[in-house]
Amino acid sequence: MKIIVCIKQVPDTAEVRINPETNTLIRDGVPSIINPFDLHAIEAGLHLKSELGGTVTVLTMGPPQAEDALREAISMGADEAVLLTDRAFAGSDTLATAYTMSSAVRTIGFDIILCGKQAIDGDTAQVGPEMAEFLNIPHVAYVGKFEEINAGMLRVQRLMDEGYDVVETSVPVLLTVVKELNQPRLPSLKGKMKAKKSVIKKLTHPDIGTEEKNLGLAGSPTQVKNIFAPEAKKDRKVLTGTPGEQAAQLIEELKSLKCI
Amino acid sequence: MNYFLTEEQQMLRELTRQVAEEKIVPVRAALDEKEEFPHEIMKVLAQSDIFGIFIPEEYGGLGMGSLELCLAVEELSWACLGVSTTYAANALGTYPILLFGSEEQKEKYLPAIAAGKKLVAFALTEANAGSDAAGVQSTAVKDGDYYILNGTKQWITNGGEASIYTVIAITDRSKGPRGASAFIVDKGTPGFSFGKKEKKMGIRASITSELIFEECRIPKENILGREGMGFIVAMKTLDQSRVGVGAQGLGVAQGAVDEAIKFAKQRVQFGKPIISFQAIQHMLADMSTRVEASRALVYAVAKHIDSGAKDFSKVAAMAKVFATDTAMKVTTDAVQVMGGSGYMREYPVEKMMRDAKILQIYEGTNQIQRNVIGQALIKEAVSRENGS
C-alpha cells in the first residue's frame, strides 16, 4: 500500500496578521509549524500503514525551508519525504497547487492520499478535493473515523455540521481528515535521529511533467478581494421523504427562489 | 549554560521536554488528585523510545548512558515527579539485569523493557530493612531446579503495574550480608501477589505497593549473578541509579523556579510586579544558583560514570544529596515566593514541594548518602597515608 500524506508548512498561531493593502499574510518573524490538521493526516497514514502494510511518503510544496516540516514528519515515523520546490511554483493559488501536487503524486505513485481538511493560514479546504479531481479518483472530505479498512475498500465517517455520513469508497482514494480522527503521536527518538540523516527528495517542474502555463501565478485564477468571516447560515430547511420526493421538493424550492 | 551536549543529547532533551509540556503538564494535577497511575504517559514514553535510552542497541535500545538518562529524568521531573519516579524506578529495576544478567536473561527481558512493553520494579526494602538493607527477612530456598521465595517487600515503586521484578532475598542466613541473592520474578508467578497500595504525601501518580511471596517457586535460572551476590547487585544498582535521583531533584527544582518567576512577573502588589522587589529577586537568585550548581554536579557525575569509572559511590551520593536537598529548599521557596497562591492546589508548586520530600528519603536517605561520602573520605585519607 503506497500512502501519500500531503502536508503544508504554515505560520504558527493565530497571531498572524494580514497586510490590509495586499490582503495577504504577514509571515515575517512568525515560526513555522506543520499545519495542525496535517498532523492528523500523518497519524492516519501511520495507522493505515500499521493495518495494511506499505510505506508512508510525506509530500509538501514550498520553499527549501519547508524541509523542516518534512523532517518532523519523518521523526513521527514517515518512511520518506518529498519536497516540491521550484521558482515556477511560487504564487500558486489552490488550483495551481492542486495541479502541481497531483502531478507530483502521479509521478511518485499512490494508493491512498491523505490531507488535513484545510490549512490554518488559507483555510480554503480546497486543495485536497481538487487534487482528487485532477487525478480522477474519488475523495472523501472531513473523515472523522475509520470504520473498516482493507486493501481494496475503506468505510469511513464523514463529519458534517450535524452528525456524520458513512461513506464506503474503493482504493485509490483521497481523504481529507479532521482532528476528531485521531491523536497525533509525538516524534520518537529513533525517528528524530533518522530525520536528521534522511535525504529529502526534491522534485521540480520538469520532474513531474507539469505545463508551465498551469503553474504558479500564471496558473492561478484566484484573486483575493477581501477577507472576512462568513456569517453562519441561519435559515435552513431539511427535506424529508424518499429521494424522489426530496428531489421534487428541492426543485420546487429552487423554483420559488427563482434559482432555476 | 552550555554543557556541551551532543546533538543527540539535545534531541533527547527536546523530545522529553515536548512530552513533559504536551502530555504531562496538562494532566499532572488530576493524576495527583486521583492518585492515578499514568498509563497514557507511559505509552507515549514507549512510543517515543524513551524507555530504550539506557539499554544497549543489541537489545533494541539506543545504547546511551547515564547522562542521557539524567537528561530524560530531569525533563520529566520538571513536569511531574510522580511520572518521573515511575520512569526512573523502571530503570532502577532494570539495572540488576543490565549489570549482572546472563546473556539469556538479557535477551529474554531487555528488548521488551527497551520497547516500553514491560515495566520493571526493584524490590529490596522490607518492614525491617530500610536504611539497614542487611535486615532483609525474605528467603529463597533452593529446591531442585527452583528457588522457593517467601516474604513481604514493602513500599515497592511500580508494584502491581510492573511485569518484571528484581528481588533481593536471603539464600543463606549464616553468611550474613554474603547470604543474599538477587532474582528476576515475573508477575503472575503462582505464590506472588500484591498487598496494600500505599497512600502517599506526594508523587501520587506513581504506585507504591507491597509484594507478597508465599511459597513462590521461581526457576533457578532466574538468579542474577551467583548465589550470595544479592547485596553486591543491590549496592551496584543503587550506585548507578543515585545520580538519576539527583536529576529528579534538579528537574523539579527547575520546574519550581520557572513557576515562581512566571508568577512573580504577573503578581502586582504595591503597584508593581513583585519580581521588581529585591526581596523576591534575591530569593529567585538563590534558587536559580542552587539549581545551576545541582545541574553542573549531576551532569559531571553522570559523565564520570559514562567514562567507565569503577568506583563512583562517593560522587554519586554527592549528586543525590546536593540536588535533592536543593529540590526541597527550592520548591519550598517557590511556594514562599508565590505566597497564598503557592499554597493552593490551583498552582503546581505545592505539589512540587510535597513531591520533592521523597527525594531526600528514597534510594538511600540523604543521611545514608552522607555516610557513604564520609566513609569514602576516610578510605581515601587512609590510602593517602599508606601511600605516603
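What you see as residue numbers is a count from 1 along each chain, following the sequence as written. Here the convention is simple: chains get letters from A, ligands get numbers from 1, in the order in which they are written. Where local features are concerned, this predicted model is filtered to residues with pLDDT of at least 70; where side-chain atom pairs are given and counted, the filter is 80 or more; whole-chain, interface and lining totals use all residues. The basis for the side-chain values is all heavy atoms of the structure; hydrogens and waters are excluded.

Residues and elements named next belong to chain B. Each helix is a run of H or I in the DSSP string that is no shorter than four residues. Each strand is a run of E no shorter than two, and both are numbered from the N terminus. For a helix, the expected span equals 1.5 Å multiplied by the residue count minus one. With 37 residues, helix H7 (residues 230–266) should cover 54 Å at 1.5 Å per step; its first-to-last C-alpha distance of 54 Å lies within 8% of that length. Take the seven residues that end at a residue and the seven that start at it, fit an axis to each, and the angle between those axes is the bend at that residue. Its axis deflected by about 30° at Ser241, H7 carries its strongest bend there. To sort residues, take the accessible area from a 1.4 Å probe on protein chains only and compare it with the maximum for the residue type: under 20% means buried, over 50% means exposed, and anything in between is partly exposed. Summarising burial for H7: 29 of the 37 residues are buried, a large majority.

Our focus in this paragraph is a negative patch on the surface. Residue and element names in this part refer to chain B. In this analysis, a patch consists of residues with relative accessible area above 30% that form no salt bridge, clustered at 9 Å for like charges and at 5 Å for the nonpolar side chains Val, Leu, Ile, Met, Phe, Trp and Tyr. A 1.4 Å probe and the Shrake-Rupley method give the accessible areas. Residues count as covered only by the protein chains that appear here. Salt bridges are defined by distance alone: a side-chain nitrogen of Lys or Arg within 4 Å of a carboxyl oxygen of Asp or Glu. By the counting rule applied here, Lys and Arg register as positive and Asp and Glu as negative, while His and the ends of each chain are not counted. A charge is said to be at NZ when it belongs to Lys, at CZ for Arg, at CG for Asp and at CD for Glu. A grouping of Glu8, Glu57, Glu58, Glu103, Glu104 and Glu107 is seen on the molecular surface, where their side chains present a negatively charged patch. It is helix H6 (residues 103–114) that provides the largest number of residues to the negative patch, a total of three residues. The exposed category is assigned to Glu104, whose relative accessible area is 60%.

We now examine the pattern of salt bridges. Residue and element names in this part refer to chain B. One pass over the structure, following the stated rule, counts 41 salt bridges over all chains. Its salt-bridge partner being Lys153, residue Glu126 comes within 2.8 Å of it at the nearest N-O pair. In this pair, Glu126 is assigned in the loop between strand S1 (120–123) and strand S2 (139–143) and Lys153 in strand S3 (residues 146–157), connecting sequence segments 27 residues apart. Judged by its relative accessible area of 0%, Lys153 falls in the buried class. Each of Arg13, Arg17, Glu21, Glu74, Glu75, Glu292 and Arg295 takes part in salt bridges that share partners, so that together they form one network.

This part takes up helix H6 (residues 243–256) of chain A. Between its terminal C-alpha atoms H6 of chain A stretches 20 Å, which fits the 20 Å expected from 14 residues at 1.5 Å a residue. Lys258 of chain A sits one or two positions beyond H6 of chain A and adopts a positive phi of about 60°.

Turning to the domain arrangement of chain B, a few remarks are in order. Residues and elements named next belong to chain B. When the domains of chain B are assigned, the result is domain 1 (7–119), domain 2 (121–229) and domain 3 (232–387). Segmentation of the chain into domains, including their bounds, is taken from an automatic or database domain assignment. Computed over C-alpha atoms, the centres of domain 2 and domain 3 are 30 Å apart. Residue contacts are defined here by distance: any two heavy atoms, one from each residue, within 4.5 Å place the two residues in contact. Every contact between the two is made by twelve residues of domain 2 and, on the other side, 13 residues of domain 3. Summed over both partners, the interface of domain 2 with domain 3 buries about 1,000 Å², with 75% contributed by carbon and sulfur atoms. Summed over the three residues of domain 2 that lose the most area to domain 3, namely Met201, Ile203 and Met229, the buried surface amounts to 46% of that side. Any pair of N or O atoms that falls within 3.5 Å is considered a polar contact. Within protein, one atom must be able to donate a hydrogen and the other to accept it, and sequence-neighbouring residues count only if both atoms are side-chain atoms. Taken together, domain 2 and domain 3 are joined by four residue pairs in polar contact (both at pLDDT 80 or more). Two parts placed together each lose some accessible area under a 1.4 Å probe, and adding up what both lose gives the buried area.

With that settled, consider the side chain of Glu126 of chain B. Residue and element names in this part refer to chain B. Note on Glu126: relative accessible area 4%, which makes it buried. Within polar-contact distance, the side chain of Glu126 engages the side chain of Lys153 at 2.8 Å. Apart from residues lying up to four places away in sequence, Glu126 is in contact with Gly135, Val136, Gln137, Ser138, Thr152, Lys153, Gln154 and Ile168.

To continue, consider the sheet that holds strand S10 (residues 153–159) of chain A. Residue and element names in this part refer to chain A. If you walk across this open sheet you meet the nine strands as S11-S10-S9-S12-S8-S1-S6-S7-S13, and the pairing is mixed. Where the open sheet ends on each side, the last strands, each with one partner, are strand S11 (164–170) and strand S13 (201–203). Across this sheet, the average inter-strand angle for adjacent strands is 35°, counted without regard to direction. At least two DSSP bridges between two strands are needed for those strands to be called paired. Inspection of the sheet shows S10 paired to S11 by seven bridges, in the antiparallel sense. The partner of Leu154 across the bridge, within S11, is Thr169. Relative to the sheet, helix H1 (residues 36–52) contacts strand S1 (2–6), strand S6 (55–61), strand S8 (112–116), strand S9 (139–149) and strand S12 (173–177), its axis offset from that of S8 by approximately 155°. Across the face of the sheet, helix H3 (residues 94–108) comes into contact with S1, S6, strand S7 (80–84), S8 and S13 while running at roughly 150° to S6. Note on definitions: angles span 0 to 180 degrees between N-to-C directions of axes, and those axes are lines fitted to C-alpha atoms, for helices only across the stretch in contact.

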